[in-house]
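Spelled out, the chains give:
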Amino acid sequence: MASPELAIAKAALCASLFKADPVSLSRPEVDTLFPLLDATIAQCSRHNVQSCKNWIMAHVASSPARCANLAKYLAALSKSFPTDTATRPSPKRKRLHILYLLSDTLHDAARTSNSVCANAWAAHLVTLVAAAASFDRCPKHKAKLENLVALWAEKQLFTGDVLSQFRDAVSKNGNITAPVAQADATSTTSLKVAKEAPYTLPSSHGDTSTPWYDLPVGTWLPHLTPNSARPIVTDHIRPIQLSAGLADGALVDAVKKLLCSADRMHSSIDVSSIDGSSRSPSPLRKRPRRYSSESRSRSRSRSLSRSRTPPARETLQGYRHHRLHLKLASRHNGLRRRRRLFH
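Residues numbered from 1 in each chain as written. Predicted model: local features only at pLDDT ≥ 70, side-chain atom pairs only at ≥ 80, totals over all residues. Heavy atoms only, no water.

Draft legend 1. Quick peek at the overall build of the protein chain. Counting its regular elements, the protein chain contains 14 helices and four strands. For the protein chain, the proportion of its 343 residues judged to be buried stands at 27%. Carbon and sulfur atoms make up 55% of the accessible area of the protein chain, which totals about 24,400 Å². (Helix = DSSP H or I, 4+ residues; strand = E, 2+ residues; numbered from the N terminus. Buried < 20%, exposed > 50% of the residue type's maximum accessible area, 1.4 Å probe, protein only. Areas by Shrake-Rupley, 256 points an atom, 1.4 Å probe, with all protein chains shown as cover.)

Draft legend 2. Focus on the pattern of salt bridges. Scanning all chains against the criterion turns up four salt bridges. As a salt-bridge pair, Asp214 and Arg27 come within 3.4 Å of each other at their nearest N and O atoms. With Asp214 in the loop between β2 (204-205) and β3 (240-241) and Arg27 in helix α2 (residues 27-31), the pair connects residues that are 187 residues apart, well separated along the chain. Asp108 is paired through a salt bridge with Arg111; the nearest N and O atoms lie 3.3 Å apart. Residue Asp108 and its partner Arg111 are both found in helix α6 (residues 91-111); the two are separated by three residues, about one turn of the helix. For Arg111, a relative accessible area of 62% gives the class exposed. (Salt bridge = Lys/Arg side-chain N within 4 Å of Asp/Glu carboxyl O.)

Draft legend 3. Region of interest: the confidence of the model for the protein chain. In this model, the protein chain carries a mean pLDDT of 79, and residues with pLDDT of at least 70 account for 73%. Averaged pLDDT values over the elements of the protein chain bottom out at 38 in helix α12 (residues 272-275) and peak at 95 in helix α4 (residues 46-59). Contacts from residues 178-186, a stretch scored under 50 in pLDDT, to residues over four places away or in other chains number four contacts. Predicted confidence is poor over residues 304-309, with pLDDT under 50, and the contacts of this stretch with residues over four places away or in other chains come to zero contacts. (pLDDT = per-residue confidence, 0-100. Contact = heavy atoms within 4.5 Å.)

Draft legend 4. Representation of the nonpolar core within the structure. Membership of the largest hydrophobic core comes to 57 residues, with the highest contact counts inside it found for Tyr73, Leu99, Trp121, Leu125, Trp152, Phe158 and Phe166. Breaking this core down by element, the ones donating at least two residues are α1 (4-18), α3 (33-42), α4, α5 (64-79), α6, α7 (116-132), α8 (139-155) and α9 (160-171). Counting residues per element, this core draws most heavily on α7, at eleven residues. Here Phe166 is in contact with Ala122, Leu125, Val126, Val129, Val149, Trp152 and Phe158, once residues within four sequence places are set aside. (Core = buried A, V, L, I, M, F, W, Y, C linked by side-chain atoms within 4.5 Å.)

Draft legend 5. Examining α5 more closely. Counted at 1.5 Å a residue, the expected span for α5 with its 16 residues is 22 Å, and the 23 Å between its end C-alpha atoms agrees. Burial analysis of α5 places twelve of its 16 residues in the buried class, which makes it a mostly covered element. Those residues of α5 lying buried are Arg66, Cys67, Ala68, Asn69, Leu70, Ala71, Tyr73, Leu74, Ala75, Ala76, Leu77 and Ser78. (Expected span 1.5 Å × (residues − 1).)

Draft legend 6. The arrangement of the side chain of Thr40 in detail. Here Thr40 is to be found in helix α3. Side-chain polar atoms of Thr40 contact the backbone oxygen of Leu36, separated by 2.8 Å. At 3.1 Å, the side chain of Thr40 forms a polar contact with the backbone oxygen of Asn48. Apart from residues no more than four positions distant in its own chain, Thr40 is found in contact with Asn48, Val49, Cys52, His97 and Leu101. (Polar contact = N/O pair within 3.5 Å; in protein donor to acceptor, adjacent residues only side chain to side chain.)

Draft legend 7. Representation of the packing of aromatic side chains within the structure. This model, assessed by the stated rule, comprises six aromatic pairs. Measuring from centroid to centroid gives 5.7 Å for Trp152 and Phe158, while their planes differ by 70 degrees, and the two rings are edge-to-face. Comparing Trp152 with Phe158, the two get one shared label, buried. Members of the aromatic cluster, each reached through a chain of ring pairs, are Trp152, Phe158 and Phe166. If you follow Lys10 out to its NZ or CZ, it ends over the ring of Phe34, 4.6 Å from the centre. (Phe/Tyr/Trp six-rings, centres within 6.5 Å; stacked < 30°, edge-to-face > 60°. Lys NZ or Arg CZ within 6 Å of the ring centre and 35° of its normal.)

Draft legend 8. α1, seen in detail. Over its 15 residues, α1 extends 21 Å from the first C-alpha to the last, a length consistent with the 21 Å expected when each residue adds 1.5 Å. Within α1, the full set of buried residues consists of Leu6, Ala9, Leu13, Cys14, Ser16, Leu17 and Phe18. Against the buried residues of α1 lie α2, α3, α4 and α5.

Draft legend 9. Expanded view of the packing of α5 against α6. Running from N to C, α5 and α6 cross one another at 165 degrees; their axes reach a closest spacing of 10 Å. In this view, α5 runs roughly antiparallel relative to α6, as classed from their interaxial angle. Pair α5 / α6 crosses with left-handed handedness. Residues Leu74, Ser78 and Lys79 of α5 form the contact with α6, whose own contacting residues are Arg95, Ile98 and Leu102. (Axes fitted to C-alpha atoms, helices over the stretch in contact; angles between N-to-C directions. Parallel < 35°, antiparallel > 145°, perpendicular 65-115°, else oblique. Left-handed = near helix turned anticlockwise from the far one by under 90°.)

Take a look at the structure:
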């Protein structure tokens, strides 16, 4: 079962691929990525790695946002592998295959003087290396990770600080917390900067080259009629044209209220801190039963109906023997009374 973190990361990756950054991708093109990733993670063959690497180089490597979202998705996917099941391939091998795929992509990007992937994947690769190194008593697996980090150092794909973090993650069996905290702080800072930035409207809401089923949901609003069963004409769904520039105050206030409500929804709220007191539930009291005359008569009728029920099938034979014994006893008593009368 997919974790919420994995679902959110996949949705963010798909959203970045749908954006025109630099070219928007269609739904079939986006859907081809995930089978390629699954095939490469399951079997790290030359054909699978090259197919997946070529797709990443063609559609992801030139965009920093897409590279970051892909790394976040792979990190969430690596965490979602169950470690307590004897599946083939094993979780440690799957995590190693993810690193091999990214390493091959980094090598091709370095040959074309593309440093976007290395800059966007540096912080997330520390998490991926730590996840792959979190297995104990695996010397061969650990040696493969050390050789991979040595290859990155030889090709000078990362800076010395990042390489030292890789080595620490391998030597400490993945017991590191600093890179994760740094990544969280970076994401929090970016969100804060995005909220404080001036709110501007684009020239259009949606891309003209995107089919109607991949357009934002807001483009459907002009075509929805309340309490109407008429279907929407899909040919009329087009990107909404807006007046580019700074947004007005009412729209900015509405957006800020929406962001504040989302923050309150996803933040941890202590119920006892709302009213300032912790209320303990009152103990339950057992109330004595009170029977009315109607309930008494009802229970009496039920008991009478139970007494008139015929015996069970397994005791029917014994019941018949008992009745026969009573008949014989009554006959015997009658004969004794008659004898007394005649004598």
